[in-house]
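Secondary and tertiary structure notes
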Amino acid sequence: MGSVLTRDVLVKWAPLLVLIVLILFFAAMEPRFFSVRNFARIGISSAPALMVAIGVTFIIIMGSIDLSMEGTVSVCAVVFAFAFIAMGGTLASFAWLALPLALLVGAAVGLLNGLVHVKLKIPSFMASLAMGFVGTGFALLLTGGDRIRVEDDLFRGLLTTRWFNFPIMCYVAVAFLLIAWFIQTRTTLGRNFYAVGGGEDLAHASGLNVNKVRILGFTLAGVFYAVGALLAVGRIGIAETATGSNFMFVSITSVVVGGTALWGGIGGVWNTLIGVLIVNVINNGMVVIGLPGYVQDGVLGVLVIAAVVLSTDRKSVTFVK
Amino acid sequence: MSFERIKPHLPWITLLALVAIVGIADANFLRPANLIAMAADIVPLFIMALGMTFAIYIGGIDLSAQSVANMTTVVATVTLPLFGVGAALVCILSGFVLGAVSGYVTTKLLVPSFISTLAIGGVAFSAAQYLSGQRALFMDAELRDATFGWMTGSSFGIPHEIFIGAFLVLVTWFLQTRTTFGRALKAVGAGEPAAVAAGLDVAKIKIMAFAVSGLLAAVAGLLFSVKLSGGSPTLANGFLLPAIVAVLVGGTPLTGGVGGVINTLIGTLIVAVIRSSMLYFEVDATKQQMVFGLVLIAAIALTIDRTKLRIVK
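Structural notes, computed from the coordinates. Computed from a prediction, not measured in an experiment: that's the story for all the values here.

A few words on the overall build of chain A. The helix and strand tally for chain A stands at 13 helices and four strands. Expected size for 321 residues packed as a compact globule is a radius of gyration near 20 Å; at 20 Å, chain A falls within 12% of this value. Projected onto its principal axes, the C-alpha positions of chain A cover 60 × 55 × 35 Å. Looking at chain A as a whole, 56% of its 321 residues are labelled buried. Summed over all atoms, the accessible surface of chain A reaches about 13,500 Å², with 69% contributed by carbon and sulfur. Averaged over its 19 positive side-chain charges, chain A has a centre that lies 7 Å from the centre of its 13 negative ones.

Laid out in structure tokens, this is it:
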């Protein structure tokens, strides 16, 4: 056993194990937790978070970080809502064009993030944090602090129409998860993410245009944030400046808890799925067993520290800032 | 004259230029009463920025400052009837401990500071919500005036906040320039491997730097809560961005090692002038966040020491 149960194996399977233990724990505490109805609830809260977390997964695989998601999600949500209503306000009209428009806006914001980070040579955490503030400010500027209601029945069908007890938004999220998986494993760009994260010197020396990969990575992340924004609007039927709030903490926590190492090169979108489920099972489970909601941020904080500690190979890290 | 020679002087030149521009646009801005009121208003933010300076000076960042200040507004309001002046001590201690934990997690558990402080910020937010019962709390006016009234009064026409700010900048300046701890901070910020090789206990110094940051964030929260006579888990929201901007605009780069608390004093004044100039030029308040975000990017791009970052991640 000793040789099989190495640190690598443990790190690889620990997130899934944690998820299973959590589900069993909450199910034992409160049988109502283990019901299709409750799983659908977890699915609904996970779907937007999963999209945002997948976006940042690509960035973290490269060894960078993106903290701009709150601003990007808000901007995409607000632009989508304005365009959707201006073009007819129902999916049955030309207003469906607002969907691809939102994705384009996400890509543009992501591209801008990447350019600020790469061209101005600012560390990504700070460049993206600053851009996130700019994004939230821009969303506030567009809305003037108002909430925009999106009440089209067809669009709200994301939440209200259910196939096999799960709303459509869950299936949309799974579809984009598969797309992300395809990008990660079957495209040059996806492999280049790992090359950059595994060792930038080496990637650069083998002739890879590292800067281009970085900028494309941030652009791709922006597209996934936009999908997250659409699902978030579909879920509550409102687009506002606060649509993006809390996504930063939750998505970073999910990615890291899922087992994608902050140092880059390790992990992927399936890890992120597990991470998002862990976070949402905890959030849901604590409410179901009657714990107050405010414990969540503290628990997630402790969890994220534990996950980073577990995934850090102490021999290869000399000092951190 | 090369840009590198002018660079250290850019912050105060920027400040004077901004004051001159706003002063020309509206002479009312330069009235002493207006300038004093502006300075007094910015003091809580200044104190948080002072603490942030220590975290950035060693090449880290403290993203928990806002949550710690938030938590302190609640702690101050809850403990005031119990301990009187002792409430201040509880606040300062809790800030110090949270900062030290961030520092420990960063240095001993090797978690990058932007993640560790984000996580500790989550813990502080939970604590604030628990203590406040998720409500906005109010201080008893009489009790507040009897215990902390001295913080918000004014003598010789100068609000006491300014004295508090001046006192803290003197203390931190002394700490930075006249103590071994200050020298050690400089060594760590300038080049951590060299500091390790020189035999410094780098971990201890870094933990202390984060602890000071947490402590000052707590003091900022305490002062803010006395000013507004209450506390809530979101009272100090909106402090984080301008605090980071103040440090970086002042000339302490994200890579650490140069700059310091006097730079942050200038940086905070720049933030204050930008804020009030928005009023004078009738820029919508909703645009403030965008403007500060862009100023932040410009400040980092200008100040960062790229020789220290072989690879920019």
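Bringing the packing of helix H6 (residues 153-160) of chain A against helix H10 (residues 210-236) of chain A into the picture now. Relative placement of two packed helices is described by the angle separating their axes and the distance separating the axes. All names here are of chain A. Between H6 and H10, the least distance of the axes is 8 Å, while the angle of their chain directions is 90 degrees. Here H6 is positioned roughly perpendicular relative to H10, judged by the angle of their axes. Taken together, the residues of H10 that come into contact with H6 (itself represented by Phe 155, Arg 156, Leu 158 and Leu 159) are Leu 230, Leu 231, Val 233, Gly 234, Arg 235 and Ile 236. Residue classes in the contact of H6 with H10 are distributed as seven nonpolar, one polar and two charged.

The subject of this paragraph is the interface of chain B and chain A. Taken together, the contacts link 50 residues of chain B with 49 residues of chain A. The contact between chain B and chain A buries some 4,300 Å² in all, and 76% of this surface belongs to carbon and sulfur atoms. On inspection of chain B and its partner chain A, the count reaches zero salt bridges. For the pair chain B and chain A, the interface holds three residue pairs in polar contact (both at pLDDT 80 or more).

Residues and elements named next belong to chain A. For helix H11 (residues 247-257), a buried count of eleven out of eleven residues is recorded, marking the element as mostly surrounded by other parts of the structure. Restricting attention to buried positions, one finds in H11 the residues Phe 247, Met 248, Phe 249, Val 250, Ser 251, Ile 252, Thr 253, Ser 254, Val 255, Val 256 and Val 257. Immediately beyond the C-terminal end of H11, within one or two residues, lies Gly 259, with a positive phi of roughly 105 degrees.

We now examine unusual backbone geometry. Residues and elements named next belong to chain B. For Leu 110, which is not glycine, the phi torsion reads 55 degrees and is therefore positive. Tracing the backbone shows Leu 110 in the loop between helix H5 (86-107) and helix H6 (113-132). Positioned with a positive phi, Ser 229 is a non-glycine residue whose angle comes to about 55 degrees. Examined against the element boundaries, Ser 229 turns out to sit in the loop between helix H11 (202-228) and strand E4 (230-231). Judged by its relative accessible area of 16%, Ser 229 falls in the buried class.

With that settled, the discussion passes to a nonpolar patch on the surface. Together, A:Val9, A:Trp13, A:Leu16, A:Ile20 and A:Leu24 line one region of the surface with nonpolar side chains, adding up to about 460 Å² of accessible area. Mapping A:Leu16 onto the fold places it in helix H1 (residues 7-29).

Right, let's talk about the side chain of A:Thr253 for a bit. Mapped onto the fold, A:Thr253 is located in helix H11. Relative accessible area serves as the criterion here: at 1%, A:Thr253 is assigned to the buried category.

Turning next to the pattern of salt bridges. This model, assessed by the stated rule, comprises six salt bridges over all chains. Between A:Glu200 and A:Arg214 there is a salt bridge, and its shortest N-O distance comes to 2.4 Å. One end of the pair, A:Glu200, is in helix H9 (residues 200-205); the other, A:Arg214, is in helix H10, with 14 residues separating them in the sequence. An identical accessibility class is assigned to A:Glu200 and A:Arg214; each is buried. Of the charged contacts in the structure, one is a salt bridge between B:Lys227 and B:Asp41, with a shortest N-O distance of 3.8 Å.

Right, let's talk about the nonpolar core for a bit. Judged by nonpolar contacts, the single largest core of 194 residues is most densely connected at A:Met126, B:Ile61 and B:Ile244. When residues no more than four places from it in sequence are discounted, the contact partners of B:Ile244 are A:Met126, A:Leu129, B:Met52, B:Ile61, B:Leu63 and B:Leu296.

All names here are of chain A. Viewed as axis vectors pointing N to C, helix H3 (residues 69-86) and helix H4 (residues 98-119) meet at an angle of 150 degrees, and their least axial separation amounts to 9 Å. The angle between H3 and H4 falls in the class roughly antiparallel. Relative to H4, H3 is oriented so that their crossing is right-handed. Taking contact as the criterion, the partners of Thr 72, Val 75, Cys 76, Val 79, Phe 80, Ala 83 and Phe 84 in H3 are, on H4, Ala 98, Leu 99, Leu 101, Ala 102, Val 105, Gly 106, Val 109 and Asn 113. For the contact of H3 with H4, a count of residues per class yields twelve nonpolar, three polar and no charged.

What follows covers the environment of A:Asn283. Residue and element names in this part refer to chain A. Note that Asn 283 resides in helix H12 (residues 269-288). A relative accessible area of 17% places Asn 283 in the buried class. Separated by 13 residues in sequence, Asn 283 and Gln 296 have C-alpha atoms that sit 6.3 Å apart.

The α-helix advances 3.6 residues per turn, and as a result positions three or four apart in sequence lie on the same side. Its 20 residues place the ends of helix H13 (residues 261-280) of chain B 29 Å apart at the C-alpha level, agreeing with the 28 Å of an ideal helix rising 1.5 Å per residue. Immediately downstream of H13(B), the backbone of B:Glu282 shows phi near 55 degrees, a positive value.

Okay, the environment of B:Arg275 next. Residue and element names in this part refer to chain B. In this structure, Arg 275 sits in helix H13. Of the residues examined, Arg 275 reaches a relative accessible area of 29% and is grouped as partly exposed. Between the C-alpha atoms of Arg 275 and Arg 306, which are 31 residues apart in sequence, the distance is 30 Å. Leave out the neighbours within four places in its chain, and Arg 275 touches Ile 42, Pro 242, Gln 288 and Phe 292.

On to the environment of B:Val188, then. Residues and elements named next belong to chain B. For Val 188, the position within the fold is in helix H9 (residues 180-190). Here Val 188 falls in the buried class, since its relative accessible area comes to 0%. C-alpha of Val 188 to C-alpha of Leu 93: the two residues are 95 residues apart in sequence and 25 Å apart in space.

What counts, and at which threshold
Residues numbered from 1 in each chain as written. Chains lettered and ligands numbered in written order. Predicted model: local features only at pLDDT ≥ 70, side-chain atom pairs only at ≥ 80, totals over all residues. Heavy atoms only, no water. Helix = DSSP H or I, 4+ residues; strand = E, 2+ residues; numbered from the N terminus. Rg over C-alpha atoms; globule rule 2.2 N^0.38 Å. Buried < 20%, exposed > 50% of the residue type's maximum accessible area, 1.4 Å probe, protein only. Areas by Shrake-Rupley, 256 points an atom, 1.4 Å probe, with all protein chains shown as cover. Lys, Arg positive; Asp, Glu negative; His and termini not counted. Charge placed at Lys NZ, Arg CZ, Asp CG, Glu CD. Axes fitted to C-alpha atoms, helices over the stretch in contact; angles between N-to-C directions. Parallel < 35°, antiparallel > 145°, perpendicular 65-115°, else oblique. Contact = heavy atoms within 4.5 Å. Nonpolar A, V, L, I, M, F, W, Y, C, P; charged D, E, K, R; others polar. Buried area = accessible area lost by both parts, 1.4 Å probe. Salt bridge = Lys/Arg side-chain N within 4 Å of Asp/Glu carboxyl O. Polar contact = N/O pair within 3.5 Å; in protein donor to acceptor, adjacent residues only side chain to side chain. Patch = residues over 30% accessible without salt bridge, like charges linked within 9 Å, V, L, I, M, F, W, Y side chains within 5 Å. Core = buried A, V, L, I, M, F, W, Y, C linked by side-chain atoms within 4.5 Å. Left-handed = near helix turned anticlockwise from the far one by under 90°. Expected span 1.5 Å × (residues − 1).

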